[in-house]
Amino acid sequence: MWQRGNVLSAAQSKDTHAERETVLEVNELQTYFYTDEGVVKAVDGLSYRVRKGEFVGLVGESGCGKSVSAMSVLRLIPHPPGLIVGGEILFQGEDLLKVDEARMRDIRGNRIAMVFQEPTTSLNPVLTVGRQISESIELHRNADKATALAESVKLLELVGIPDSDRRIKDYPFQFSGGMQQRVMIAMALSCSPDLLIADEPTTSLDVTVQAQLLEIVADLREQLDMAGVIITHNLGLVARYVDRVNVMYAGKLVESGTTETIFAEPKHPYTIGLMASVPRLDSPRKVAPRAIEGLPPNLAHLPEGCSFSPRCSYVMDQCHNEAPQLENVGGGHLRRCFYDESKLEKVTV
């Protein structure tokens, strides 16, 4: 079940990403919500790609459009009020915005799987975890109930749940938050997906459980040669498990590059602000992390020019009147900013 071609080491996988096939390509995606207050441009012209065996991170504050972009990939935007109004979502060359709902049902949970933010609200409280995992196996792999249940036991073992043959009969409320998240990962991996989307997979979990779950995902990534999108606020998680970082602000991509490049040489004031807000163990006790002043903008009433200009310490007159375009500053490192990159503050995490 778990063998899909040759298993690559993490180092081998990172070295060959540039030569590997593209699993997901998002081009100029626009997802808007039509409300009484106005049109909320939750995702406005987002573009990125994910190659086979590669994990890409979507980073930014709450409300920047990370989760909406992921829900758009699976076409799970509630309508009304939400609507995908433009762009392309190419999954292995197939535009998901043009396929019918029957085709999307075949892809969701099968070839593209998602681990949602809150396992407590994502799991059905009146069905056993065994039934919830086996249902996907029966649907997408045409397995009978006995076979699907046996596979579910193996999946629980795979994600580190002890006594899985007994616990398969338990209900979600009988599991801790960390164990519920393991169940969610088992469900997501039940059909050996080509792409895994993890939306804040470690929210509300203690650091020990976070580390255990992320190591499980990293191991499975190698075993399945699986692509992934990790949505998170946690820059430490990004530094350890992600190959490429996409930084979002106000529905747009403001910086993108390899993890090593972004952490060594961030070239957008917002990225620098995010990194400066992370506590450092080697900093003096009296030196506190620096918060980014102000709040993210109202997406229904965005400021003129650059959306980050009201909060930016490098703001210029041009920023208030003109919206910067995404530009390549070398080696595939992209940023959306007018300010001279050589004059930006040097900061690392």
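An account of the accompanying structure is given in this report.

Definitions and limits used
Residues numbered from 1 in each chain as written. Predicted model: local features only at pLDDT ≥ 70, side-chain atom pairs only at ≥ 80, totals over all residues. Heavy atoms only, no water. Buried < 20%, exposed > 50% of the residue type's maximum accessible area, 1.4 Å probe, protein only. Helix = DSSP H or I, 4+ residues; strand = E, 2+ residues; numbered from the N terminus. Pairing = 2+ DSSP bridges. Polar contact = N/O pair within 3.5 Å; in protein donor to acceptor, adjacent residues only side chain to side chain. Contact = heavy atoms within 4.5 Å. Core = buried A, V, L, I, M, F, W, Y, C linked by side-chain atoms within 4.5 Å. Salt bridge = Lys/Arg side-chain N within 4 Å of Asp/Glu carboxyl O. Expected span 1.5 Å × (residues − 1). 1 Å grid on protein atoms, 1.4 Å probe; cavity = no way out; pocket = protein on both sides within 12 Å on 5 of 7 lines; lining within 4 Å. Points joined across faces, edges and corners; volume = space filled by probe spheres on them. Axes fitted to C-alpha atoms, helices over the stretch in contact; angles between N-to-C directions.

Observations regarding the pairing of strand 10 (residues 252-258)
In step 1: The element strand 10 is largely enclosed, with a buried count of five among its seven residues.
In step 2: Pairing analysis gives six bridges linking strand 9 (residues 244-249) to strand 10, with the strands arranged antiparallel. Within strand 10, the residue paired with Met-248 across the bridge is Leu-253.
In step 3: Connecting strand 9 to the antiparallel partner strand 10 that follows it, the hairpin turn spans two residues, and Ala-250 within it adopts a positive phi of roughly 50°.
In step 4: Where strand 10 and strand 12 (residues 334-335) come together, two bridges link them in antiparallel fashion. By the bridge assignment, Ser-256 is partnered in strand 12 with Leu-334.

Some remarks on the side chain of Asn-110
In step 1: Turning to its location among the elements, Asn-110 is positioned in the loop between helix 3 (101-107) and strand 6 (112-115).
In step 2: At 3.1 Å, the side chain of Asn-110 forms a polar contact with the backbone oxygen of Asp-106.
In step 3: When residues no more than four places from it in sequence are discounted, the contact partners of Asn-110 are His-140, Cys-191, Ser-192 and Pro-193.

Comments concerning the nonpolar core
In step 1: Ranked by size, the top nonpolar core spans 62 residues in total, and within it Leu-156, Val-183, Val-245 and Tyr-270 carry the most contacts.
In step 2: Examining the composition of this core, we find that eight residues originate from one element, helix 9 (residues 207-224), more than from any other.
In step 3: Excluding residues within four positions of it along the chain, Val-245 makes contact with Gly-57, Val-59, Val-238, Glu-255, Ser-256, Gly-257, Thr-259, Ile-262 and Phe-263.

Some remarks on the pattern of salt bridges
In step 1: Counted under the stated rule, the structure contains 18 salt bridges.
In step 2: A salt bridge links Lys-252 to Asp-44, with the nearest nitrogen and oxygen atoms 3.4 Å apart. On the criterion of sequence distance, the pair formed by Lys-252 in strand 10 and Asp-44 in strand 2 (residues 38-51) is long-range, its members being 208 residues apart.
In step 3: Between Asp-243 and Arg-221 there is a salt bridge, with its nearest N and O atoms 2.3 Å apart. You can see Asp-243 sitting in the loop between helix 10 (235-241) and strand 9 and its partner Arg-221 sitting in helix 9, a full 22 residues away along the chain. For the pair Asp-243 and Arg-221, one class covers both residues: buried.

Description of helix 9
In step 1: The end-to-end C-alpha distance of helix 9 is 26 Å, a good match for the 26 Å that 18 residues give at a rise of 1.5 Å each.
In step 2: Residues Val-209, Gln-210, Leu-213, Leu-214, Ile-216, Val-217, Ala-218, Leu-220, Arg-221 and Leu-224 constitute the buried set of helix 9.
In step 3: Positive phi shows up at Asp-225, right after helix 9, with a value of about 55°.

What about the layout of surface pockets?
In step 1: Counted as a void, the largest pocket has a volume near 610 Å³.
In step 2: Lining the largest pocket are 20 residues; nearest its centre among them are Arg-108, Gly-109, Phe-116, Ser-136 and Met-187.
In step 3: Elements supplying a minimum of two residues to the lining of the largest pocket: strand 6, helix 5 (129-141) and helix 8 (177-188).
In step 4: Take the lining of the largest pocket: its biggest share by element is five residues, from helix 5.

Points about the sheet that holds strand 1 (residues 22-35)
In step 1: Pairing is antiparallel across the open sheet formed by four strands, whose spatial order is 2-1-4-5. What marks the edges here is a single partner per strand, and that holds for strand 2 and strand 5 (94-95).
In step 2: Note that strand 4 (residues 82-91) and strand 5 share two bridges and pair antiparallel. Directly across from Phe-91, in strand 5, lies its bridge partner Glu-94.
In step 3: Where helix 2 (residues 66-73) meets the sheet, it contacts strand 1, strand 2 and strand 4, and its direction lies at approximately 115° from that of strand 1.

Keep in mind these values describe shape, not function.
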